[in-house]
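Geometric and topological summary
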Amino acid sequence: MQKYFFVFLFINILFIPCSKAQTKPEFRGVWVATVDNIDWPTKGNFNTEAQKAEFIKLLDMHERNGINALVVQIRPAADALYPSQYEPWSQWLTGVQGQPPVPYYDPLEFMITETHKRGLAFHAWMNPYRAEFTIGTSTISATHITRLHPEWSLPYGDKRYFDPGNKAVQQYVANVVKDVVSRYPVDAIHFDDYFYPYRIAGITFPDDASYRQYGKRLTKDDWRRSNTDSIIALLSRVIKATNKKCQFGISPFGIWRSVDKDPINGSKTKGGASNYDDLYADILLWLKSGWIDYVAPQLYWEFSHSTAPYGLLLDWWNDHTYGRQCYIGLGIYKAGVNRAWREPSQLPQQIKALRTKPNIQGMIFFSSKSFENNPNGWSDSLRLNYFKDPVTIPPMNWLK
């Protein structure tokens, strides 16, 4: 009897309302990763009807939990989960790159229709520069861009990436994005944190040839940042020219730059990787310039993290939105990885904290599959408490 009393007590504590009912607009998103079949479709499921049933089940789960937006990966590695004139069908959809679904259907059209039917937003997530997921084991079709233009990509570690300094590559990516925005009613185009790849110790990204050709008088670091700036500016123009209502969002690594590198604007984090110095992504410039509509920094750390505490970075991003919207990336996948993430209060406290910030308009969870097992009771907590009342997505007044 005593055991059941404590279970009852725990559940009631978990679901105690955190504050008055949340009724103001709030972005409540979830990432749905298709690369390596992380979230959808299940690895080995190449049956059209089974894929549709899986996606509907996924949608129903998130709708019950109070989610109001899906961020679905439709271009994992220069491939497509939709019919494309530029890129082959994804191997994670059909098992072999370039092979269409059988029986034939358009997964993107299906997913958008089902998502919008429930009143949820659909953000089309694309990886801009990953060209081959695993060299030697990924299936690469004869029509893949690395076959047609091998000079556009570079090997780094076990993957192949497009060369961000190649102007033809930038235009190619812009064409791919324009094609999607012109043919599908996506609510946003969404890029993740992979621009220049994360550093591999002892290995230099092999872009010397492009630097000699295009670098002019810039240092290599400044040249690399200028390359990333130019693709973001180009995509912003292309998206708005094609569909003025379509948003453009970026989900960067959680640290823009640490105070040891930038005493004025840096966060008081202690070393480690950063967008500015390692991924050559100057997120603050993009926000200041109005090139992107929202930023979703990946704050996958706990409050007590020794070098990058959640609360410190939440405050920093709240102070650096420059009038654009900010949704915090929350790491529900971290459930159980250490003592802090075994605490049922960790994620609810993160939600409560971000709701106190005037320049934070919501959150996105990574990733969909993590919700299936109700880790630490968090799915129940969202459904019965934090997301109990449905809300609209915050409007963007600059989008006319």
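For the structure itself, consult the block above.
Since this is a predicted model, take the numbers as computed values, not measurements. (Residues numbered from 1 in each chain as written. Predicted model: local features only at pLDDT ≥ 70, side-chain atom pairs only at ≥ 80, totals over all residues. Heavy atoms only, no water.)

What follows is about the pattern of salt bridges. Summed over the entire model, instances satisfying the criterion amount to 23 salt bridges. Two residues, K357 and D315, come together in a salt bridge whose shortest N-O distance is 2.6 Å. Pair noted here: K357 is in the loop between α12 (346-355) and β11 (362-365) and D315 is in helix α11 (residues 310-318), with a separation of 42 residues, a long-range link. Residue D380 pairs with R383 through a salt bridge whose shortest N-O separation is 2.7 Å. (Salt bridge = Lys/Arg side-chain N within 4 Å of Asp/Glu carboxyl O. Helix = DSSP H or I, 4+ residues; strand = E, 2+ residues; numbered from the N terminus.)

Next up on the list: the sheet that holds strand β4 (residues 130-132). Overall, antiparallel pairing links the three strands, which are arranged β4-β6-β5 in an open sheet. Looking at the sheet topology across the chains shown, the edges are occupied by β4 and β5 (153-156). Going from strand to strand, the sheet's axes swing by 40° on average, the running direction of each strand aside. Sheet topology places β4 next to strand β6 (residues 159-162); two bridges connect them, and they run antiparallel. (Pairing = 2+ DSSP bridges. Axes fitted to C-alpha atoms, helices over the stretch in contact; angles between N-to-C directions.)

Next up on the list: the packing of aromatic side chains. Taken as a whole, this structure holds 32 aromatic pairs when the rule is applied. A centroid spacing of 6.0 Å and a plane angle of 75° characterise the contact between Y82 and Y184, whose relative ring orientation is edge-to-face. Within this pair, whereas Y82 is found in the loop between β2 (69-75) and α3 (91-94), its partner Y184 is found in the loop between α6 (167-183) and β7 (188-191), the two being separated by 102 residues in sequence. No difference in accessibility class separates Y82 from Y184, as the two residues are buried. Both rings, one in Y194 and one in Y198, keep their centres 5.5 Å apart while their planes meet at 75°; by these two values the pair is edge-to-face. Exposure remark for Y194: the relative accessible area of 32% places this residue in the partly exposed category. (Phe/Tyr/Trp six-rings, centres within 6.5 Å; stacked < 30°, edge-to-face > 60°. Buried < 20%, exposed > 50% of the residue type's maximum accessible area, 1.4 Å probe, protein only.)

With that settled, the discussion passes to the side chain of S251. Looking at the element boundaries, S251 is found in the loop between β8 (247-250) and α9 (275-279). Exposure remark for S251: the relative accessible area of 0% places this residue in the buried category. In terms of polar contacts, S251 uses its side chain to reach the backbone carbonyl oxygen of A296, at 2.8 Å. In this structure S251 touches W31, H190, F191, D192, D193, A296 and Q298, once residues within four positions along its chain are discounted. (Polar contact = N/O pair within 3.5 Å; in protein donor to acceptor, adjacent residues only side chain to side chain. Contact = heavy atoms within 4.5 Å.)

Another point: the sheet that holds β8. Pairing is parallel in the closed barrel, where eight strands are placed in the order β1-β2-β3-β7-β8-β9-β10-β11. Sheet analysis places strand β3 (residues 121-126) next to β7, joined by four bridges and oriented parallel. Along β7, the bridge assignment pairs W125 with H190.

Following the sequence through the fold, N227 ends up in helix α8 (residues 220-242). A polar contact of 3.0 Å, which involves the side chain of N227, links it to the side chain of Y196.

Attention shifts here to the environment of D222. Positionally, D222 belongs in helix α8. Separated by 58 residues in the primary sequence, D222 and Y280 have C-alpha atoms spaced 8.1 Å apart.

What follows covers the pairing of strand β1 (residues 27-32). Within β1, six of the six residues are buried, which leaves it mostly tucked inside the rest of the structure. Summarising the sheet, β1 and β11 pair through four bridges and their orientation is parallel. By the bridge assignment for β11, F27 is matched with G362. Where β1 meets β2, four bridges bridge the pair, whose relative direction is parallel. Each bridged residue has a counterpart across the sheet, and for V30 the counterpart in β2 is L70. Taken together, β1, helix α2 (residues 48-65) and β2 constitute a β-α-β crossover, and its handedness is right-handed. (Right-handed = clockwise from strand over helix to strand, strands pointing away.)

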